[in-house]
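# Chain and residue survey
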Amino acid sequence: MKAAVLYEINTPLKVEEVTLDEPQENEVLVKIVATGVCHSDLHFMKGEMPQPTPFVPGHEGAGIVEKVGPGVTTLKPGDHVILMVAFACGKCRYCVEGRPTRCVENLPIQMMATLPGGGMRLHKGDQELHHLFGLASFAEYAVVHERSAVKIREDAPMEVVCPLGCGIATGIGTAINTTGIKAGESIVIYGCGGVGLSAVMGAKLAGAGTLIAVDTLERKLEMAKELGADHIINASQEDPKAKVMELTGGGADYAIECIGNVDVIMQAFGSIHVGGKCILVGMAPLVSMLSIAPFEFLLGKTMTGAIQGDIIAPIEIPRYIDLFMAGKLPIDKLITKNYKLDQINEAFEALEKGETIKSIIKF
Ligand SMILES: [Zn+2]
Ligand SMILES: [Zn+2]
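No experiment lies behind these values; they were computed from the predicted model shown.

## Focus: the overall build of the protein
- Scanning the protein for helices and strands turns up 12 helices and 19 strands.
- A compact globule built from 363 residues should have a C-alpha radius of gyration of about 21 Å, and the protein, at 20 Å, falls within 12% of that.
- Across the 363 residues that make up the protein, the buried fraction comes to 52%.
- The long-range share in the protein, meaning contacts at least 24 apart out of those at least 6 apart in sequence, stands at 69%.

## Describing the sheet that holds strand β3 (residues 19–20)
- Across the sheet, four strands lie side by side as β3-β8-β9-β5; this open sheet has mixed pairing. The open sheet is flanked by β3 and β5 (55–56), the only strands paired with a single partner.
- In terms of strand pairing, β3 meets strand β8 (residues 122–124) through two bridges, oriented antiparallel. Bridge assignment links Thr19 to a residue of β8, and that residue is His123.

## Digging into the environment of Phe297
- With respect to the helices and strands, Phe297 occurs in helix α10 (residues 295–298).
- Note on Phe297: 11 C-beta atoms within 10 Å, which makes it exposed.

## Notes on the sheet that holds strand β12 (residues 187–190)
- In space, the six strands of this open sheet follow the order β14-β13-β12-β15-β16-β17, with parallel pairing throughout. A single partner strand is all that each edge strand has here, and the edge strands are β14 (231–234) and β17 (302–305). Each adjacent strand pair in this sheet contributes to an overall mean axis angle of 20°, direction not counted.
- Where strand β16 (residues 272–280) and β17 come together, four bridges link them in parallel fashion. By the bridge assignment for β17, Leu280 is matched with Gly305.
- Contacts between helix α9 (residues 262–269) and the sheet are confined to β12, β15 (252–257), β16 and β17, with β15 contributing the most and set at about 170° to the helix.

## Regarding the domain arrangement of the protein
- Taken domain by domain, the protein comprises domain 1 (2–151 + 330–362) and domain 2 (169–307).
- Spacing between the C-alpha centres of domain 1 and domain 2 amounts to 28 Å.
- Listed as interface residues are 14 residues of domain 1 and, on the opposing side, 13 residues of domain 2.
- Per-element tally for the side of domain 1 that touches domain 2: the top contributor is helix α1 (residues 39–45), with three residues.
- Of the residues assigned to the side of domain 1 that touches domain 2, the class counts are five nonpolar, five polar and four charged.

## Brief notes about the nonpolar core
- Counting 119 residues, the largest nonpolar core has Val56, Ile82, Ile189 and Val200 as the members making the most contacts within it.
- Composition of this core by domain shows at least three residues from each of domain 1 (2–151 + 330–362) and domain 2 (169–307).
- Ile189 has contacts with Gly196, Ala199, Val200, Ala203, Ala213, Val214, Ile256 and Cys258, leaving out every residue within four places of it along the chain.

## Examining helix α12 (residues 344–352)
- Within the span of α12, buried status applies to Ile344, Ala347, Phe348 and Leu351. Projected down its long axis, α12 shows its buried positions confined to an angular sector of 95°, all on one face.
- In the core, the buried residues of α12 are packed alongside β1 (2–5), β2 (14–17), β4 (27–37), α1, β18 (335–339) and β19 (358–362).
- Phi for Gly354, located one or two positions after α12, is positive at around 75°.

## A look at the environment of Val33
- One can find Val33 in strand β4.
- Since 18 C-beta atoms lie within 10 Å of it, Val33 is described here as partly exposed.
- A C-alpha to C-alpha distance of 4.7 Å links Val33 and Gly63, two positions 30 residues apart in sequence.

## Section: the pairing of β19
- Within β19, four of the five residues are buried, leaving the element largely enclosed by the surrounding structure.
- The pairing of β4 with β19 spans four bridges and is antiparallel. Looking across to β19, one finds that Val37 is bridged to Ser359.
- Both β18 and β19 contribute to a ladder of four bridges, which runs parallel. Considered in β19, the bridge of Tyr339 is made with Ile361.

## A few points about unusual backbone geometry
- Along the chain, Thr53 connects to Pro54 via a cis peptide bond; the corresponding omega equals -10°.
- In this fold, Pro54 is placed in the loop between α1 and β5.
- A positive phi is found at Gln308, a non-glycine position, where the angle reads about 45°.
- In this fold, Gln308 is placed in the loop between β17 and α11 (313–325).

## Considerations on the packing of helix α5 (residues 167–178) against helix α6 (residues 194–205)
- Taken N-terminus to C-terminus, the directions of α5 and α6 make an angle of 40°; their axes are 7 Å apart at the nearest point. Here α5 is positioned oblique relative to α6, judged by the angle of their axes. In this structure, α5 crosses over α6, and the sense of that crossing is right-handed. Between α5, through Gly167, Ile168, Thr170, Gly171, Ile172, Gly173, Thr174, Ala175 and Ile176, and α6, the contact on the second element is made entirely by Gly194, Val195, Gly196, Leu197, Ser198, Ala199, Met201, Gly202, Ala203 and Leu205.

What counts and how
- Residues numbered from 1 in each chain as written.
- Chains lettered and ligands numbered in written order.
- Predicted model: local features only at pLDDT ≥ 70, side-chain atom pairs only at ≥ 80, totals over all residues.
- Helix = DSSP H or I, 4+ residues; strand = E, 2+ residues; numbered from the N terminus.
- Rg over C-alpha atoms; globule rule 2.2 N^0.38 Å.
- Buried ≥ 20, exposed ≤ 12 C-beta atoms within 10 Å, placed from the backbone.
- Contact = placed C-beta atoms within 7 Å.
- Pairing = 2+ DSSP bridges.
- Axes fitted to C-alpha atoms, helices over the stretch in contact; angles between N-to-C directions.
- Domains from an automatic or database assignment.
- Nonpolar A, V, L, I, M, F, W, Y, C, P; charged D, E, K, R; others polar.
- Core = buried A, V, L, I, M, F, W, Y, C linked by C-beta atoms within 7 Å.
- Arc of directions from axis to C-beta.
- Parallel < 35°, antiparallel > 145°, perpendicular 65-115°, else oblique.
- Left-handed = near helix turned anticlockwise from the far one by under 90°.

Structure below.
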């Protein structure tokens, strides 16, 4: 089968023939139908996160189960699934207490780029290839753990809903779950890429009062407005912190930072009022550090972060799809372009230049 392989950090992906082993215990073989192009892959491809090479990236995949390995009980051939970037073992304390995105197995899978348990099923000749996020969906097929796949309704268009495996669910989930926003409360969202715009949709759905979106690109800000932002701020033209203060009468109840940039994080933290909550979603490079006066915390301000919007995937993914199918969550508006697997480097270039919000590789 064909897959996009990264052999060395900071080099283009190579689309070539590779081999994929049969699914083993608790694993399933999924024929990938569509997969989103996401910044998170880029962070690993550029070496901003430590990562063994070579690896096959891609984690916003949707497809059809073709084969199941021994012991699989939750899926069967023919099931339509979305692959989830955050693995949940179902057994650790975080999974048991209902916070599966904090599963203890998550970090090792991300750092080692293997399937849960350390296995690798991808090869190029004698060389083993790592599975980024335990998924590796930039390929015609993927072998994943059954708990990495969520079953979805069969009438949902995979080329639209596949990013619910990562970025789109992260945005919606953060705005609804992590903030805990109540109807009428104010929120500012920094960064209007796929995650930020999804956060705008989530905040709207949750009944946000004053909903503010910040970016430096007018085109993305217009999209934020279309998706429900009451106010947009172009941070290249005015000081977003001061403007948020003015629009909210002293600071927002919540701020979400979707970029992973230290300066923007400080702007987001500076945009909340005493007792407000700032949530980090963007992946800042591992070496970056924040500098905050401890006094800020005596004022009851909170800064925290979340992986994948604190969602419980088997419950919330089908729910978001139902909302989309009912016309209440227009995630299709985020999809700007479709590419073929052979055009993957072109797709990442366009993403980096900000030309696309969410592009999809269609098989
Ligand atoms: Zn767990
Ligand atoms: Zn992603």
